[in-house]
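So you can see what is in the structure, the chains are spelled out below.
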Amino acid sequence: MADRPMVDSSRPGDYRPRPSSILGRPPDPSSDLVIPALGALTTALLFTLSATDPRLWPCGLFAPLPILAVAPEVGTEIGAELAFVAFLVGNLVAWGGESFAVPLVTILASHLAGAIVFATFVAAAAEATRRWSGVLAALVFPTFETAFYYSLSLESPHGTWGSPAYSQVDFLPLLQTASWLGMCGVMFVMSLLPAGLAVAWYRRRWHMDWTHPAIMAVSVFALALMFGWTRLILTPQTPSVRVAMVSSESMIAESESTDPTDAAEVLTHYSKLVRQAASSGAQIVVTPEKIIGVAPSYEWDVVLGLQRVAQLSHVWLVVGVNQIGRTPKRNIAVVFAPDGKIAASYAKHHLIPSLESDYKAGRKPAIFDAPWGRTAVLISQDLDFPETARELAAHDVRVVVAPASDWEGSEVIHQRMAVVRGVESGFSLARAARGGMLSANDSRGREIAAREPMLGEDTMATADLPVGTGRTLYSRADDWFGRLCVMFTILLMLRLAVSIIYSLRTRRLGAAKRIKRPAGVVSVEMKQVEEEGEKREQRMYEPPVRPRE
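Since the structure is predicted, the reported quantities are computational estimates derived from the model, not experimental observations. (Residues numbered from 1 in each chain as written. Predicted model: local features only at pLDDT ≥ 70, side-chain atom pairs only at ≥ 80, totals over all residues. Heavy atoms only, no water.)

**Overview of the overall build of the chain**
Stated formally: By the criteria applied, helices consist of DSSP H or I runs no shorter than four residues and strands consist of E runs no shorter than two, each listed in order from the N terminus. Relative accessibility under 20% of the residue-type maximum defines a buried residue, over 50% an exposed one, and the middle range a partly exposed one, all with a 1.4 Å probe and only protein chains included. Throughout, a contact is declared for two residues whenever any of their heavy atoms are within 4.5 Å. Residue burial considers only the protein chains on display, and all accessible areas are found by Shrake-Rupley using a 1.4 Å probe.
Across its full length, the chain holds 18 helices and 13 strands. Taking all 549 residues of the chain together, 52% fall into the buried category. Counting only contacts in the chain whose residues sit at least 6 apart along the sequence, the fraction spanning at least 24 positions is 72%. With an accessible surface of roughly 26800 Å², the chain has 61% of that area assigned to carbon and sulfur atoms.

Below, the structure is given as structure tokens:
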């Protein structure tokens, strides 16, 4: 049950408390929607800043707070409309990064659907805030958000792309929550804080107990940060491997060519970059995804050339190969050992529907043992799917090398999504992206090296990458927290529906019991009360009787 508010004694018979004005003055009826509109505008601005630069993680953390705070003060419909506009406007900046790989109609439909879902969750949170106890009401928004994005990741061909939790990747203490609860845990904790503060704000304005939801939300957030800081500070010391990520932005067109001359040019160009990386002490060299187009007629010649490059440079060489001139095509990565032998080959598992519909997906992992530890290969979008990384963790993989390819608008967030997989499953990551970033991160998500290629130029990034610490609680326990949120969401939705139906039924019954009297008719009981009141007033003015002496 919700806490009973304090009675407003300034209005006889009115048991609804009068809220304290934000400005300390009685609220102006003419400006009832000004503050809610400002709240929606602030939410939209915070969403925009968060999507523009992921380093602005506080914006992503507190973006829902303004709209959640004002929604209970207005009608449910108005609150939902403001939330819809705030989400849609605030995420317009993300359209540019998606337009390359997703049709415009699909982008529009997905963002409209996302805005509707967000508005629904805000409306549900507002109803719960007005009807339930503070702690239970504060759980509605984070539980709904977590359940939705977990369910979406299971069905989307783009995996976890679009989850608001990726706005917190640069906030390393909070990111460590992914090592035991996955990104569902990060999503829940980051949503619980603004939800709890919004409920506390509403209850304080209406003179109800507000401390419990505030303490609960802040305490959970603080515990998550304490765990994260402890995990970062107590990171075990592990051996390191010298990695180099190389990329040439001047050879993009040749990667789609079936001309053997173009393949020879790419091979010659990248062999120089590999030798340069080897001279800097690199033990393993990673190239981007699909750097060289290979047709069946000259494929063996390319393989022999790459073997010779690895052998002469004495490095482990990971090359992204575009197998074209056949049906279906294949997007693969081949690992060459320092002796020139093929140590592993891997076919991309998760293809981009609009760009790789004529490619065949792989099914098996590519894992090989190296002097620094067990290593695996993933390609680009494979790192958008937590289950793919968990499969590697089950084989005790400590380092993942990832040829990749990004496009303008997606390069930063795509790289950060890859970093999360390492935190979730306990491996370090070396990622070389054409059109994106060359980066190396340890198993805690810390950036060891990062460099953004320049258009038309060659780029190389080297780093001494600590080997990952191995399997995490999340990689062993799977997405149990996401499934728990789904079940709890169903229960909360049923309870909220029952609460609303019961309230409407009570109102209808109360209205039916009211007795409407004809004009001019006064009940006998009321007349008796009025007569007794008049007699008492008359007796008040009667002079006291003088006592007899």
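**Structural notes on unusual backbone geometry**
Cis geometry is adopted by the peptide bond preceding Pro328, which originates at Thr327 and carries an omega value of -5 degrees. Here Pro328 lies in the loop between β4 (316-323) and β5 (330-336). With a phi angle near 60 degrees, His207 is a residue other than glycine that sits in the positive phi range. Here His207 shows up in the loop between α10 (178-205) and α11 (211-233). For His207, a relative accessible area of 32% corresponds to the partly exposed category. The phi angle at Asp396 is positive, at roughly 60 degrees, despite the residue not being glycine. Its place among the elements puts Asp396 in the loop between α14 (386-393) and β9 (399-405).

**Some details on a nonpolar patch on the surface**
The cut-off we apply is this: Patch membership requires more than 30% relative accessible area and the absence of a salt bridge. Residues of like charge join within 9 Å; the nonpolar side chains Val, Leu, Ile, Met, Phe, Trp and Tyr join within 5 Å. Between Lys or Arg on one side and Asp or Glu on the other, a salt bridge is scored when a side-chain nitrogen of the former is within 4 Å of a carboxyl oxygen of the latter.
Where nonpolar side chains cluster on the molecular surface, the patch consists of Val34, Ile35, Leu38 and Leu41 and spans about 370 Å² of accessible area. For Val34, a relative accessible area of 45% translates into the label partly exposed.

**Remarks on helix α4 (residues 76-90)**
In an α-helix, one full turn covers 3.6 residues, which means residues spaced three or four apart are oriented alike. Rules: Multiplying 1.5 Å by the helix residue count minus one yields the expected span of that helix.
For α4, with 15 residues, the first-to-last C-alpha span of 21 Å sits near the 21 Å given by 1.5 Å per residue. Among the residues of α4, Gly79, Ala80, Leu82, Ala83, Ala86, Phe87, Leu88 and Gly90 are the ones counted as buried. Elements in contact with the buried residues of α4: α1 (34-52), α3 (65-70), α6 (104-131) and α8 (140-155).

**Some remarks on the side chain of Thr459**
As for its position among the elements, Thr459 is in strand β13 (residues 458-466). Of the residues examined, Thr459 reaches a relative accessible area of 5% and is grouped as buried. Not counting residues within four places of it along the chain, the set of residues in contact with Thr459 comprises Met245, Val246, Ser247, Leu438, Arg451, Pro453 and Met454.

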